[in-house]
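# An overview of the molecular structure
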Amino acid sequence: MSRGSEGGPLSPVPLYVSYGSNMDPARLAARTGADPARVAARYAVRLRGFRLAFAKRNDDGTGFATLLAEHAAEAEGIAYDLTDDELARLDRVEGVPGHYLRAIVEVIPRAGGPALAAVTYLANPARLADGLKPPCWYLAHFLAARDLLSPAWVAWLERVETAD
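Remember, predicted model here, so these are calculated numbers, not experimental data.

What counts, and where the lines are drawn
Residues numbered from 1 in each chain as written. Predicted model: local features only at pLDDT ≥ 70, side-chain atom pairs only at ≥ 80, totals over all residues. Heavy atoms only, no water. Phe/Tyr/Trp six-rings, centres within 6.5 Å; stacked < 30°, edge-to-face > 60°. Helix = DSSP H or I, 4+ residues; strand = E, 2+ residues; numbered from the N terminus. Buried < 20%, exposed > 50% of the residue type's maximum accessible area, 1.4 Å probe, protein only. pLDDT = per-residue confidence, 0-100. Contact = heavy atoms within 4.5 Å. Axes fitted to C-alpha atoms, helices over the stretch in contact; angles between N-to-C directions. Parallel < 35°, antiparallel > 145°, perpendicular 65-115°, else oblique. Nonpolar A, V, L, I, M, F, W, Y, C, P; charged D, E, K, R; others polar. Salt bridge = Lys/Arg side-chain N within 4 Å of Asp/Glu carboxyl O. Core = buried A, V, L, I, M, F, W, Y, C linked by side-chain atoms within 4.5 Å. Pairing = 2+ DSSP bridges.

## Things to note about the packing of aromatic side chains
Enumeration over the complete set of coordinates arrives at eight aromatic pairs. Summarising the aromatic geometry, the rings of phenylalanine 64 and tyrosine 138 are spaced 4.0 Å apart at their centres and angled 10° between planes, so their arrangement reads as stacked. Highlighted residues: phenylalanine 64 in strand β3 (residues 63-81) and tyrosine 138 in helix α4 (residues 136-143), separated in sequence by 74 residues. Ring plane angle 75° and centroid distance 5.8 Å describe the contact between tryptophan 137 and tyrosine 138, whose orientation is recorded as edge-to-face. According to the relative accessible area criterion, tyrosine 138 is buried, its value standing at 3%. Within the aromatic cluster, the residues linked to one another by ring pairs are Phe54, Phe64, Trp137, Tyr138 and Phe142.

Here it is, written out as structure tokens:
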């Protein structure tokens, strides 16, 4: 983790944090064209004040992930250094602005260190709905990051009821 760890200025490369299917480094590399070796140099972060919910209505009626503001909550995610071009590709894949909107959030590395600003995607409020369930294939991408997520977070993800 090079970003701000020596107290110096932040790298001009944007820090991107995924709390969803892009936690799978192979999926993120395929979606952005990023070098898989660079994407593999990811690390775990916490997002305080957010709750993970499968409340973004996908076109097939299933629920995709978003973060909802909740004061006492905390979500886990995976941070990556991406270029502006890679983020622009991710904007298209994530359906900005119809499905998701880019947002800046504060993340805290699980390994310790100062809070950092990161780009993420939050569901377009017009796409939010209650009672949605994610598809099994989608949730499998979350679990591809089990090597960096806390055991409690992995256990919670494994208990999520899927649509299929």
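Picking up where we left off.
## A closer look at the confidence of the model for the protein
Of all residues in the protein, 92% have pLDDT values of 70 or greater, and the mean over the chain is 93. Low confidence marks residues 1-11, where pLDDT is under 50. Its contacts with residues over four positions away, or in another chain, come to 15 contacts.

## Some remarks on the packing of helix α1 (residues 25-32) against helix α3 (residues 84-94)
Where α1 contacts α3, the two axes come as close as 8 Å, and the packing angle between them is 100°. When the interaxial angle is binned, α1 and α3 end up roughly perpendicular. Of the residues in α3, those touching α1 at Leu28, Arg31 and Thr32 are Glu86, Arg89, Leu90, Val93 and Glu94. Residues belonging to the contact of α1 with α3 are distributed by class as follows: three nonpolar, one polar and four charged.

## Things to note about the pattern of salt bridges
Counted under the stated rule, the structure contains 10 salt bridges. Measuring nitrogen to oxygen at the nearest pair gives 2.8 Å for the salt bridge that ties arginine 51 to glutamate 70. Of this pair, arginine 51 sits in strand β2 (residues 43-57) while glutamate 70 sits in strand β3; the two residues are 19 residues apart in sequence, bridging distant segments of the chain. A relative accessible area of 36% places arginine 51 in the partly exposed class. A relative accessible area of 36% places glutamate 70 in the partly exposed class. Notably, a salt bridge pairs aspartate 91 with arginine 102, separated by 2.9 Å at the nearest N-O pair. Of this pair, aspartate 91 sits in helix α3 while arginine 102 sits in strand β4 (residues 100-109), placing them 11 residues apart in sequence. A residue is classified by how much of its surface remains accessible, and arginine 102, at 40% relative accessible area, is partly exposed. Bridged by salt links that share partners, the residues Arg46, Arg48 and Glu74 form one connected network.

## Overview of the environment of glycine 49
Along the chain, the position of glycine 49 falls in strand β2. Between the C-alpha atoms of glycine 49 and alanine 144, which are 95 residues apart in sequence, the distance is 24 Å. In this structure, glycine 49 is in contact with Leu68, Ala69, Glu70, His71 and Ala73, ignoring residues within four places of it in sequence.

## A short note on the nonpolar core
When a protein is soluble and globular, its nonpolar side chains tend to lie buried together. Membership of the largest hydrophobic core comes to 44 residues, with the highest contact counts inside it found for Leu52, Val107 and Phe142. Sequence-distant contacts of phenylalanine 142, defined by excluding residues within four places in its chain, comprise Tyr19, Gly20, Ser21, Met23, Leu52, Phe54, Ala65, Leu149 and Leu157.

## Some remarks on the pairing of strand β1 (residues 15-18)
Along β1, one buried face is formed by Leu15 and Val17 and the opposite face, lined by Tyr16 and Ser18, is buried too. Relative to β3, β1 runs antiparallel, the two being bridged by four bridges. Note that in β3 the partner of serine 18 across the bridge is isoleucine 78.

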